[in-house]
Amino acid sequence: MSVLNGAISIVLGVAGGIAVGSGVIALILVLDMIPRLAQLTQSYDKTHWYEGALIGGSLLGTVADFWHWKMHGVLLLSPIVGLFCGVFIGLLAAALTEVLNVLPVLAKRLGMKPYLFGLLLAMILGKMTGSLFDFFIYQR
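Parameters and conventions
Residues numbered from 1 in each chain as written. Predicted model: local features only at pLDDT ≥ 70, side-chain atom pairs only at ≥ 80, totals over all residues. Heavy atoms only, no water. Axes fitted to C-alpha atoms, helices over the stretch in contact; angles between N-to-C directions. Helix = DSSP H or I, 4+ residues; strand = E, 2+ residues; numbered from the N terminus. Parallel < 35°, antiparallel > 145°, perpendicular 65-115°, else oblique. Left-handed = near helix turned anticlockwise from the far one by under 90°. Contact = heavy atoms within 4.5 Å. Patch = residues over 30% accessible without salt bridge, like charges linked within 9 Å, V, L, I, M, F, W, Y side chains within 5 Å. Areas by Shrake-Rupley, 256 points an atom, 1.4 Å probe, with all protein chains shown as cover. Salt bridge = Lys/Arg side-chain N within 4 Å of Asp/Glu carboxyl O. Phe/Tyr/Trp six-rings, centres within 6.5 Å; stacked < 30°, edge-to-face > 60°. Buried < 20%, exposed > 50% of the residue type's maximum accessible area, 1.4 Å probe, protein only.

(A) Local environment of the packing of helix H2 (residues 33-41) against helix H3 (residues 47-66). At a closest axis distance of 10 Å, the pairing of H2 and H3 adopts a crossing angle of 130 degrees. If you check the angle between H2 and H3, you find them oblique. H3 is crossed by H2, and the crossing has right-handed handedness. Counted together, Ile 34, Leu 37, Ala 38 and Thr 41 of H2 and Thr 47, Tyr 50, Glu 51 and Leu 54 of H3 form the full contact between these two elements.

Set out below in structure tokens:
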């Protein structure tokens, strides 16, 4: 691999990581997941624990994926980890259903209401193109 290919890979990797990380953080902030969780559990004083768990879990998951960590012979932990993953996905799905009107409201406030269809189409086509690129080109 040439130096130019390596440099391009590094730039694209960092840019992709920043884009995905920013998107996830923006989604979590827009959906108010942590305040809603504190409201549902009546534990406003433990909000910092929720934030720390979210950051720690993200960091641990990233490191485990990056270095290909494997745990052998720990079948008892699988249901517990699965439960935590399911709770997180459930919270995310529940929060997403409440925020389906965010894009129209945002488009109205930014004066982009006539361009809403184009904005949604660009988001859909971008996601589809990225998925196809990952499936057909990057995974080979």
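(B) Spotlight on a nonpolar patch on the surface. A contiguous nonpolar patch, built from Phe 117, Leu 121, Leu 125, Met 128, Leu 132, Phe 133, Phe 135, Phe 136, Ile 137 and Tyr 138 and spanning about 1100 Å² of accessible area, is present on the exposed surface. On the secondary structure map, Ile 137 appears in helix H6 (residues 116-138).

(C) Representation of the packing of aromatic side chains within the structure. All chains considered together, the criterion is met by 2 aromatic pairs. Ring plane angle 65 degrees and centroid distance 5.7 Å describe the contact between Phe 66 and Trp 67, whose orientation is recorded as edge-to-face. Residue Phe 66 is classed as exposed on the basis of its relative accessible area, which comes to 60%. Taking the relative accessible area as the measure of exposure, Trp 67 reaches 54% and is therefore exposed. Relative to Phe 136, the ring of Phe 135 has its centre 4.9 Å away and its plane inclined at 80 degrees; by these criteria the two rings are edge-to-face. Under the relative-accessibility criterion, Phe 135 is labelled exposed at 58%. Looking at Phe 136, the relative accessible area reads 42%, which means it is partly exposed.

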